[in-house]
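Residue-level structure breakdown
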Amino acid sequence: DVKVTQSSRYLVKRTGEKVFLECVQDMDHENMFWYRQDPGLGLRLIYFSYDVKMKEKGDIPEGYSVSREKKERFSLILESASTNQTSMYLCASSTPGLVLFGPGTRLTVT
Amino acid sequence: TQLLEQSPQFLSIQEGENLTVYCNSSSVFSSLQWYRQEPGEGPVLLVTVVTGGEVKKLKRLTFQFGDARKDSSLHITAAQPGDTGLYLCAGVDQTGANNLFFGTGTRLTVIP
């Protein structure tokens, strides 16, 4: 059963901590994405990657970085977490005609 | 940023009623996708419409892509409580990057 997995479903971190969100897909997709989802704002693209070691900024990259050392894994990094980064984070992978999302990580920064 | 407006934002109806959700933009998209999201889960793709004017049916759900490929609608006939969820439209841009631009979502509640 093909899928996208995210390392944590729920995460609570303190302001200033470095946070790693991991995403793994088992479908050999080239494209991977990180979104955040907030009420009334929909899904907003943070970063995406079309290949290993390649990354592109999305609409709201400030405060985030990413890493794609292997094709199946795309990591989102919050260098110094802030309370306005409390959100639902969704990872997705895609190939032409197919997009699959992970279950999401609900991050709370206190 | 290519903005997609969805309406209504919230919708609460009785079981058996019909409803339509709208997704509008000033931008042209190469295709448009509809997703449904359950609480605590990621969005699940329902359908992709590609051609202007295209209509696709998925059981009681009918999806239409506008002639100009800027807007879309989702119509549900005889809604069931199992249809409850967040419905998201997403436009695929024309630049070749295949990025998705999501609407703000319509939260549907079907009351038994």
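**With respect to the pattern of salt bridges**
All names here are of chain A. All chains considered together, the criterion is met by 11 salt bridges over all chains. Measuring nitrogen to oxygen at the nearest pair gives 3.1 Å for the salt bridge that ties D28 to K71. One end of the pair, D28, is in the loop between β3 (19-25) and β4 (31-38); the other, K71, is in the loop between β7 (64-70) and β8 (73-78), and 43 residues separate them in sequence. Its relative accessible area of 53% is what places D28 among the exposed residues. In this structure K71 comes out as partly exposed when scored by relative accessible area, which is 25%. Two residues, D38 and R36, come together in a salt bridge whose shortest N-O distance is 2.8 Å. Here D38 matches R36 in class, with each residue buried. Sharing partners across several salt bridges, the network here consists of D28, E30 and K71.

**Points about the side chain of S49 of chain A**
Along the chain, the position of S49 of chain A falls in strand β5 (residues 42-49). A polar contact of 2.9 Å, which involves the side chain of S49 of chain A, links it to the backbone oxygen of D51 of chain A.

**Let's talk about the sheet that holds strand β7 (residues 61-65) of chain B**
All names here are of chain B. Spatially, β1-β3-β8-β7-β6 is the arrangement adopted by the five strands of the open sheet, whose pairing is antiparallel. Where the open sheet ends on each side, the last strands, each with one partner, are β1 (5-7) and β6 (55-58). On average, adjacent strands in this sheet sit at an angle of 15° to one another, irrespective of strand direction. Where β6 and β7 come together, four bridges link them in antiparallel fashion. Residue pairing in the sheet places K56 in a bridge with F63 of β7.

**A closer look at the sheet that holds strand β1 (residues 4-6) of chain A**
Two orientations exist for strands paired in a sheet by backbone hydrogen bonds: parallel and antiparallel. Residue and element names in this part refer to chain A. Pairing is antiparallel across the open sheet formed by four strands, whose spatial order is β1-β3-β8-β7. The sheet is open, and its two edges are formed by β1 and β7, each paired on a single side. The average angle at which neighbouring strand axes cross in this sheet is 20°, direction not considered. Here three bridges tie β1 to β3, and the two strands are oriented antiparallel to one another. Residue V4 lies in a different strand from β3, and its bridge partner there is Q25.

Analysis parameters
Residues numbered from 1 in each chain as written. Chains lettered and ligands numbered in written order. Predicted model: local features only at pLDDT ≥ 70, side-chain atom pairs only at ≥ 80, totals over all residues. Heavy atoms only, no water. Salt bridge = Lys/Arg side-chain N within 4 Å of Asp/Glu carboxyl O. Helix = DSSP H or I, 4+ residues; strand = E, 2+ residues; numbered from the N terminus. Buried < 20%, exposed > 50% of the residue type's maximum accessible area, 1.4 Å probe, protein only. Polar contact = N/O pair within 3.5 Å; in protein donor to acceptor, adjacent residues only side chain to side chain. Pairing = 2+ DSSP bridges. Axes fitted to C-alpha atoms, helices over the stretch in contact; angles between N-to-C directions.

What is shown is where atoms sit, not what they do.
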